[in-house]
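# Commentary on secondary and tertiary structure
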Amino acid sequence: LLIVFLVLLLAPSLSILLFETDKYSNLLIISVSQIPFNNVIVLSLLILRYERQNIKFTILLLFKVIITLFLILFFVLNLKKGIEGIFIARLIGGFISMSVVLIFMRKNFVLNFSKKILIKSIRYSLPLVPASIGSVLSANANRFFITTFLTISAVGIYAFSLKIASVMHMVYIAFIMAWGPFLFSKLKEKNHKRYFADILMVIAPPVFIFVIGLSLFAKEIVQLISPTEFEQSTLY
């Protein structure tokens, strides 16, 4: 909430700093306003994953995706709001999804304060903060370098190639979501290292084959789903 408040306060200055114009300040405000809603949703879904409530987790996640997609289509196609419509739709979708999630998860939230739990949480999570920041920066900062040194069309080609490659990111996310609960459930077992070694040998070969296949047929995939202007994205 503190970070959200600071961004809301400094939105015009941040827009000028990042984009050399203040016309994107409204988009920054709408975008950052999603953070509290998304944090509650992520925390709640995380609890369901670790408690292995798979059906409830799937239903809530699908609801979030469907309601957000519906709102984006409504704002972009019906109301003709363009990019701003996408941000507004995601904000409204986040609020609706959070409300529904809280109804399902209301018994998991308590108002009691525990200093002991807070200290344990900080000890666990604080070392992860630099890695998380670095991950976000490495994934998104490159766009600013591209717009600085290259043309807007280059950004389009880069973004398109990234979308195709994101198929692998979906596989990665699916694995990570299943891996976390499994990892912590096995850590106390004596032979847990053997489990992890065996899983690596099961996961690595098919992923490697999939990546090679995607690389070999990249040109055909691009030609199938895009106009000729994006053929250069095959290389990336």
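Since we're looking at a predicted model, the values are computed, not measured.

Criteria and thresholds
- Residues numbered from 1 in each chain as written.
- Predicted model: local features only at pLDDT ≥ 70, side-chain atom pairs only at ≥ 80, totals over all residues.
- Heavy atoms only, no water.
- Helix = DSSP H or I, 4+ residues; strand = E, 2+ residues; numbered from the N terminus.
- Buried < 20%, exposed > 50% of the residue type's maximum accessible area, 1.4 Å probe, protein only.
- Contact = heavy atoms within 4.5 Å.
- Areas by Shrake-Rupley, 256 points an atom, 1.4 Å probe, with all protein chains shown as cover.
- Lys, Arg positive; Asp, Glu negative; His and termini not counted.
- Charge placed at Lys NZ, Arg CZ, Asp CG, Glu CD.
- Salt bridge = Lys/Arg side-chain N within 4 Å of Asp/Glu carboxyl O.
- Axes fitted to C-alpha atoms, helices over the stretch in contact; angles between N-to-C directions.
- Parallel < 35°, antiparallel > 145°, perpendicular 65-115°, else oblique.
- Nonpolar A, V, L, I, M, F, W, Y, C, P; charged D, E, K, R; others polar.
- Core = buried A, V, L, I, M, F, W, Y, C linked by side-chain atoms within 4.5 Å.
- Bend = angle between axes of the 7 residues up to and from the residue.
- Left-handed = near helix turned anticlockwise from the far one by under 90°.
- Phe/Tyr/Trp six-rings, centres within 6.5 Å; stacked < 30°, edge-to-face > 60°.
- Patch = residues over 30% accessible without salt bridge, like charges linked within 9 Å, V, L, I, M, F, W, Y side chains within 5 Å.

### Brief notes about the overall build of the protein chain
The secondary structure content of the protein chain amounts to 10 helices and zero strands. Its helices and strands in sequence order give the protein chain the pattern α-α-α-α-α-α-α-α-α-α, from N to C terminus. Counting only C-alpha atoms, the protein chain reaches 55 × 45 × 35 Å along its principal axes. Going through the 236 residues of the protein chain one by one, you find that 20% of them count as buried. Put simply, 57% of the contacts in the protein chain that link residues at least 6 apart link residues at least 24 apart. Surface summary for the protein chain: the accessible area is close to 17,400 Å², and the carbon and sulfur share equals 72%. Where the 22 positive side-chain charges of the protein chain centre and where its 9 negative ones centre are 17 Å apart.

### Examining the pattern of salt bridges
A complete count under the given rule lists one salt bridge for this structure. Among the ionic pairs, arginine 194 bridges to aspartate 198, the shortest N-O distance being 3.4 Å. One end of the pair is arginine 194 and the other is aspartate 198, both in helix α9 (residues 192–216) and four residues apart, which spans about a single turn. For arginine 194, a relative accessible area of 57% translates into the label exposed. Judged by its relative accessible area of 36%, aspartate 198 falls in the partly exposed class.

### Describing the packing of helix α8 (residues 152–186) against α9
As a packed pair, α8 and α9 sit with axes 12 Å apart at the nearest point and diverge in direction by 175°. Relative to α9, the element α8 is oriented roughly antiparallel. For the pair α8 and α9, the contacting residues are Ile164, Val167, Met168, Phe175, Trp179, Phe182, Leu183 and Lys186 in the first and His192, Tyr195, Phe196, Ile199, Ile203, Val207, Phe210, Val211 and Leu214 in the second. Its residues assigned to classes, the contact of α8 with α9 shows 15 nonpolar, one polar and one charged.

### Notes on the nonpolar core
When a protein is soluble and globular, its nonpolar side chains tend to lie buried together. Formed by Phe37, Ile41, Leu45, Leu48, Phe57, Leu60, Met98, Val101 and Met105, the largest nonpolar core amounts to nine residues. Broken down by secondary-structure element, the contributors of at least two residues to this core are α3 (35–50), α4 (54–78) and α5 (82–105). For this core, the element with the highest residue contribution is α3, accounting for four residues. Among all residues touching methionine 105, those that are not within four sequence positions of it are Ser44, Ile47 and Leu48. Within the second largest apolar cluster, six residues are counted, among which are Ile30, Ile67, Leu71 and Ile88.

### Remarks on helix α1 (residues 2–19)
Along α1, the sharpest change in direction is near 70° and occurs at leucine 10; proline proline 12 comes one to four residues later. Listed in full, the buried residues belonging to α1 are Val4, Val7, Ala11 and Ser15. Lining the buried residues of α1 we find α2 (25–32) and α3. Once α1 ends, the next one or two residues include glutamate 20, with phi positive near 60°.

### A closer look at the packing of α3 against α5
Interaxial distance between α3 and α5 falls to 9 Å at its minimum, and their mutual angle equals 40°. The angle between α3 and α5 places the two elements in the oblique class. Crossing geometry of α3 relative to α5 is assigned as left-handed. Counting all contacts with α3, which are made through Phe37, Val40, Ile41, Ser44, Ile47 and Leu48, the residues of α5 involved are Leu91, Gly94, Phe95, Ser97, Met98, Val101, Leu102 and Met105. Residues belonging to the contact of α3 with α5 are distributed by class as follows: 11 nonpolar, three polar and no charged.

### A word on the packing of aromatic side chains
Using the criterion set out here, one finds five aromatic pairs in the structure. The interplanar angle of 15° and the centroid separation of 5.6 Å between the aromatic rings of phenylalanine 175 and tryptophan 179 together place this pair among those described as stacked. On the criterion of helical spacing, the pair formed by phenylalanine 175 and tryptophan 179 is a turn pair, its members being four residues apart in helix α8. Using a relative accessible area of 31% as the deciding quantity, one classes phenylalanine 175 as partly exposed. Chaining the aromatic ring pairs together yields one cluster made of Phe175, Trp179 and Phe196.

### A word on a nonpolar patch on the surface
A cluster of nonpolar residues, Leu43, Leu46, Tyr50, Leu102, Phe109, Tyr124, Leu128, Phe184 and Leu187, forms a patch on the protein surface that exposes about 780 Å² of accessible area. The element that contributes the greatest number of residues to the nonpolar patch is α3, accounting for three residues. Summarising the element assignment, tyrosine 124 is placed in helix α6 (residues 115–125).

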